[in-house]
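Read off the chains here:
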Amino acid sequence: MTDIVLSPSEIQMAAFVGCQRAVQNIQNKETYSVSGEKVDDFWQRMIGGALAEAAFAKHLNLYWWKGAKNTPDVGDFEIRTTPYANGDLHIKPNDPEDKQFYLLTGANGTYKIRGWYTAKEAKLHPEWLYSKKEGREKQYWIPQDALHD
């Protein structure tokens, strides 16, 4: 498990990117969360996701930018995050099968890389396909002990 800590200036830059994404999503009327977060958590989801991406890019020593819709988050990798240390990696049924999805846990600029999984592998486990909240779309929820290092 790898720990990553962002500097205050890295946090500021990533938070700004998260705000930009939030505004774009509001303009495009794309504020719905397939994971089931409350509407009130929209800004946190946008900023928290950007912070985790910036942390992963720092770990890989890769340049990280705002990104464009339908492009990988960092390099060729997809990043998923949760503030819960024991949280699961979520992969959507329509996510690209060949991509590696990394789970980072943490918040506010301090993260742990928990591991990765591909959508192709997730689809081999129908028991992981469910909705964590009534009325939300089903996703694959991969437990941390199943993730690759």
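Check the entry above for the structure.
Residue positions are counted from 1 within each chain, in the order its sequence is given. With the structure being a predicted model, the display of local features is reserved for residues of pLDDT at least 70 and the display and counting of side-chain atom pairs for 80 or more, all residues being used for whole-chain, interface and lining totals. To get the side-chain values, take all heavy atoms of the structure and skip hydrogens and water.

Caption draft 1: Summary view of the pattern of salt bridges. The rule for a salt bridge is simple: a side-chain nitrogen of Lys or Arg has to be within 4 Å of a carboxyl oxygen of Asp or Glu. Per the counting criterion, the structure on display carries seven salt bridges. Salt-bridge contacts for Asp 3 lead to Lys 112; the nearest nitrogen and oxygen are separated by 2.6 Å. Linking Asp 3 in strand β1 (residues 2-5) with Lys 112 in strand β5 (residues 110-118), this pair joins segments that are 109 residues apart in sequence. Given a relative accessible area of 52%, Asp 3 falls into the exposed group. In this structure, Lys 58 and Glu 10 form a salt bridge, with 2.9 Å as the shortest nitrogen-oxygen distance. Of this pair, Lys 58 sits in helix α2 (residues 42-60) while Glu 10 sits in helix α1 (residues 8-27), placing them 48 residues apart in sequence. The classification of residues rests on relative accessible area computed with a 1.4 Å probe and restricted to protein chains. Under 20% of the type maximum is buried, over 50% is exposed, and intermediate values are partly exposed. Residue class for Lys 58 comes out partly exposed when judged on its relative accessible area of 37%. We count a stretch as a helix when DSSP gives it H or I for four or more residues in a row; a strand needs E for two or more, and each element gets its number in order from the N terminus.

Caption draft 2: Seen up close, the pairing of strand β4 (residues 100-107). Counting buried positions along β4 yields six of eight residues, so the element is predominantly enclosed. Where β4 folds back on β5, the antiparallel hairpin that results is connected by two residues, among which Asn 108 adopts a positive phi of roughly 55 degrees. Strand pairing requires that DSSP identify at least two bridges connecting the strands.

Caption draft 3: View of the environment of His 125. Relative to the helices and strands, His 125 is located in the loop between α3 (119-122) and β6 (129-130). Of the residues examined, His 125 reaches a relative accessible area of 23% and is grouped as partly exposed. It is 9.7 Å that separates the C-alpha atoms of His 125 and Trp 141, two residues lying 16 residues apart in sequence. Contacts are assigned to residue pairs that have any heavy atoms within 4.5 Å of one another. Aside from chain neighbours lying at most four places away, what touches His 125 is Tyr 117 and Tyr 140. Any pair of nitrogen or oxygen atoms within 3.5 Å is treated as a polar contact; in protein, a donor-acceptor pairing is required on top of that, and neighbouring residues in sequence qualify only through side-chain atoms on both sides. At 3.5 Å, the side chain of His 125 forms a polar contact with the side chain of Tyr 117.

Caption draft 4: View of the sheet that holds β6. Across the sheet, three strands lie side by side as β3-β7-β6; this open sheet has antiparallel pairing. For this open sheet the edge positions go to β3 (89-91) and β6, each flanked by a neighbour on one side alone. Summarising the sheet, β3 and strand β7 (residues 139-142) pair through three bridges and their orientation is antiparallel. Among the inter-strand pairings, Leu 89 is bridged to a residue of β7, identified as Ile 142.

Function cannot be inferred from these measures alone, as they are strictly geometric.
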